[in-house]
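Below are the chains, spelled out letter by letter.
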Amino acid sequence: MKYKDYYAVLGVDRAASADVIKKAYRKLAHKYHPDVSKVDNAEEKFKEIAEAYETLKDTEKRAAYDQLGSHRSGQEFEPPPEWGQQFEGFGGGFENIDLADILAGLHRSSGRSQGGGRRARGAPVQMPGDNFETTANITLEDAYYGREIELDLALPEYDEHGMPHRAARRFRITVPKGAMDGQRLRLTGKGGPGMNGGRNGDLYVTLAMQPHALFRVTGSDLYLDLPLAPSEAVLGATVVVPTIEGAVELKIPANTRAGHTLRLGGKGMPRTSGKGDLYAQVQIVVPKSSTGAERDLYQKLAEISEFNPRAHFA
Amino acid sequence: MRIEIVQAISVDELRQYTFTEVAECSGLSEADLRVLTEAGVFEPLEASAQPSVFSGTTVRLAQTARRLRDDFELDVPAVAVAVQLVSRIRELEEQLKSFKARMSRQMR
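The sections below set out a description of the structure shown in this document. Predicted model only: the values in this text are computed from it and were never measured. (Residues numbered from 1 in each chain as written. Chains lettered and ligands numbered in written order. Predicted model: local features only at pLDDT ≥ 70, side-chain atom pairs only at ≥ 80, totals over all residues. Heavy atoms only, no water.)

1. Structural notes on the overall build of chain B
Thought 1: Along chain B, the regular secondary structure elements total four helices and four strands.
Thought 2: Ordered by position from the N terminus, the helices and strands of chain B form the series β-β-β-α-α-β-α-α.
Thought 3: For 108 residues, the compact-globule estimate of 2.2 N^0.38 gives 13 Å, and chain B exceeds it by more than 25% at 17 Å.
Thought 4: Residues classed as buried in chain B amount to 41% of the 108 residues present.
Thought 5: Counting contacts in chain B only where the partners sit at least 6 residues apart, residues at least 24 apart contribute 55% of the total.
Thought 6: Working note: accessible area of chain B is about 6300 Å², and carbon and sulfur atoms make up 55% of it. (Helix = DSSP H or I, 4+ residues; strand = E, 2+ residues; numbered from the N terminus. Rg over C-alpha atoms; globule rule 2.2 N^0.38 Å. Buried < 20%, exposed > 50% of the residue type's maximum accessible area, 1.4 Å probe, protein only. Contact = heavy atoms within 4.5 Å. Areas by Shrake-Rupley, 256 points an atom, 1.4 Å probe, with all protein chains shown as cover.)

2. A word on empty space enclosed by the protein
All names here are of chain B.
Thought 1: Taken as a whole and judged by the stated rule, the model has one cavity of 30 Å³ or more.
Thought 2: Surrounding the largest cavity, L28, D32, L36, A65, R69, V76 and V79 form its lining.
Thought 3: Put simply, the parts of the chain that give the lining of the largest cavity at least two residues each are helix 2 (30-38), helix 3 (56-72) and helix 4 (76-102).
Thought 4: In terms of residue class, the lining of the largest cavity is built from five nonpolar, no polar and two charged. (1 Å grid on protein atoms, 1.4 Å probe; cavity = no way out; pocket = protein on both sides within 12 Å on 5 of 7 lines; lining within 4 Å. Points joined across faces, edges and corners; volume = space filled by probe spheres on them. Nonpolar A, V, L, I, M, F, W, Y, C, P; charged D, E, K, R; others polar.)

3. Points about the side chain of Q281(A)
Thought 1: Tracing the sequence through the fold places Q281(A) in strand 11 (residues 278-284).
Thought 2: According to the relative accessible area criterion, Q281(A) is buried, its value standing at 9%.
Thought 3: Excluding residues within four positions of it along the chain, Q281(A) makes contact with R216(A), Y223(A), L224(A), D225(A), L226(A), H260(A), T261(A), A101(B), R102(B), M103(B) and S104(B).

4. Here's the deal with the layout of surface pockets
All names here are of chain A.
Thought 1: Taken as a whole, the second largest pocket encloses approximately 490 Å³ of empty space.
Thought 2: At three residues, helix 7 (residues 230-235) tops the list of elements feeding residues into the lining of the second largest pocket.
Thought 3: Grouping the constituent residues of the lining of the second largest pocket by class yields eight nonpolar, three polar and one charged.

5. Points about the pattern of salt bridges
Thought 1: Inspection of the entire model under this criterion finds 36 salt bridges over all chains.
Thought 2: For R2(B), the salt bridge is made with E4(B), and the minimal N-O distance between the two is 3.9 Å.
Thought 3: Here the salt bridges share partners, and the residues they tie into one network are D35(A), E133(A), R184(A), R67(B) and R90(B). (Salt bridge = Lys/Arg side-chain N within 4 Å of Asp/Glu carboxyl O.)

6. Overview of the sheet that holds strand 3 (residues 164-174) of chain A
Thought 1: If you walk across this open sheet you meet the three strands as 2(A)-3(A)-1(B), and the pairing is mixed. Looking along the sheet, the strands with just one partner apiece sit at the ends: strand 2 (148-158) of chain A together with strand 1 (3-5) of chain B. For this sheet, the mean angle separating the axes of adjacent strands, direction not counted, is 35°.
Thought 2: Across three bridges, the pairing between strand 3 of chain A and strand 1 of chain B is parallel. Residue R170(A) lies in a different strand from strand 1 of chain B, and its bridge partner there is I3(B). (Pairing = 2+ DSSP bridges. Axes fitted to C-alpha atoms, helices over the stretch in contact; angles between N-to-C directions.)

7. Considerations on the interface of chain B and chain A
Thought 1: With 37 residues of chain B in contact, the opposing surface of chain A contributes 45 residues.
Thought 2: A combined buried area of about 3600 Å² lies between chain B and chain A, and 46% of that area is made up of carbon and sulfur atoms.
Thought 3: The three residues of chain B that bury the most area against chain A are E4(B), F72(B) and R105(B), which together make up 18% of that side's buried surface.
Thought 4: Counting across the chain B and chain A interface gives nine salt bridges.
Thought 5: Among the salt bridges present, the one from K38(A) reaches E93(B), with a minimum N-O distance of 2.8 Å.
Thought 6: The interface formed by chain B and chain A contains 26 residue pairs in polar contact (both at pLDDT 80 or more).
Thought 7: Elements with a minimum of two residues in the side of chain B that touches chain A: strand 1, strand 2 (9-11), helix 1 (19-26), helix 3 and helix 4 of chain B.
Thought 8: The dominant element in the side of chain B that touches chain A, judged by the number of residues it contributes, is helix 4 of chain B, at eight residues. (Buried area = accessible area lost by both parts, 1.4 Å probe. Polar contact = N/O pair within 3.5 Å; in protein donor to acceptor, adjacent residues only side chain to side chain.)

8. Topic: the pairing of strand 3 of chain A
Thought 1: Strand direction decides the pairing type here: strand 2 of chain A and strand 3 of chain A, joined by 11 bridges, are antiparallel. Within strand 3 of chain A, the residue paired with Y158(A) across the bridge is P164(A).

9. Some points on helix 4 of chain B
Two residues of an α-helix separated by three or four positions point the same way, owing to the 3.6 residues in each turn.
Thought 1: Along its 27 residues, helix 4 of chain B runs 39 Å from first to last C-alpha, staying within 8% of the 39 Å computed at 1.5 Å per residue.
Thought 2: Among all positions in helix 4 of chain B, only V79(B), A80(B), A82(B), V83(B), V86(B), R90(B), S98(B) and A101(B) are buried.
Thought 3: Elements in contact with the buried residues of helix 4 of chain B: strand 6 (215-218), strand 7 (221-228) and strand 11 of chain A together with helix 2 and helix 3 of chain B.
Thought 4: Capping of helix 4 of chain B at its N-terminal end is provided by D75(B); its side-chain oxygen lies 3.0 Å from the backbone amide nitrogen of A78(B). (Expected span 1.5 Å × (residues − 1).)

10. Some details on the environment of L250(A)
Residues and elements named next belong to chain A.
Thought 1: Structurally, L250 can be placed in strand 9 (residues 248-252).
Thought 2: For L250, a relative accessible area of 10% puts it in the buried group.
Thought 3: Separated by 13 residues in the primary sequence, L250 and A237 place their C-alpha atoms 8.3 Å from one another.
Thought 4: If we ignore the near neighbours within four places in the chain, the residues touching L250 are L226, A237, T238, V239, V241, L262, L264 and A280.

11. What to know about helix 4 (residues 59-66) of chain A
All names here are of chain A.
Thought 1: For helix 4, every residue scored as buried is listed here: K61, R62, A64 and Y65. Relative to the axis of helix 4, the buried residues are bounded by an arc of 160° and lie together on one face.
Thought 2: Where helix 4 begins, the capping side chain belongs to D58, and its oxygen is found 3.0 Å from the backbone nitrogen of E60. (Arc of directions from axis to C-beta.)

12. Here we look at a nonpolar patch on the surface
Thought 1: A contiguous nonpolar patch, built from Y298(A), L301(A) and I304(A) and spanning about 340 Å² of accessible area, is present on the exposed surface.
Thought 2: Its relative accessible area of 41% is what places Y298(A) among the partly exposed residues. (Patch = residues over 30% accessible without salt bridge, like charges linked within 9 Å, V, L, I, M, F, W, Y side chains within 5 Å.)

Purely spatial values, then, with no claim about function.
This is how it looks when you write it as structure tokens:
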């Protein structure tokens, strides 16, 4: 079993009072809670903090945790042989057991329901399993085509003795066609196991769409920067433009200005009926350097043109 | 490793959720859910329809409410305020994301 230094996670002394621990937790929770924080890796960091607080705020769990002694964080260690006896159904081994899971089992083995309510002696309380949440990175193409993706997770399970273990599980799910960044998928019954006949919890997967090299997504529409040479913008042209399904030709009208948006209907993301659109946003781009002949032609153009783009300054 | 092929249900606007389903998905008690609905934090799809049905957005907000309640040890009135603020933040973030997508990369 790997040791986790919960005191270090919360930044408190091992002899800290309950009040100090609570204050430390609240401060860190405000900083890292995934619903309010913009810090990178906030979710992972918050899981650590919440796990530490879950143990240290509970007198019984904290006492059981303190009995393990102090070790280096992440160090593999063996608890004292009698330590596991306080957990009902303890089979004697600590392999593949997460420290948090076994401490969470302390309440189950002592018979208290998570809701803290009373129950009749000897009557097992039906408890639904925990819901779990995870994030899956997907590409724009995964969402466009509705591809299958695989998720590898380590989820708690209970063995025949009721002892928690982390088990590696692999799920294959289909990304819905036209899925959007932040969309949540529910895998019913794939969360934590229910207790005493309670239903299993669910697994929620939030889809995180990775930025695309070319396209930006909003709703079911796509946006693309379309660079044009000055000659193409002034004279008009037929240019090749990428779409997700392949390149298409796009006719540029003469005198197309920078910032102008050209719509390619039905070339966006799939939606309930049909598809969104692709918008090509025109940019006029000049080369980094010009040949002598090009410079001569631009000079002649500058001499004969009456076009003044800053007329409105006067 | 065995691969579990699972039917994933999208928690989105196309599905409707009963009161009980929202409670089940979120982990909130039906009592707390009722209080938050009466406070206007969660709105049924149709005000007069009975029984009430809710959208996927409500399910997501209810899940947020449960997390905030548990993680910050909030009472129900505090949860109501927090959820309304989070909801507004999410709305603004979506608008900003949409605005940025419409802006040329060179202009950013």
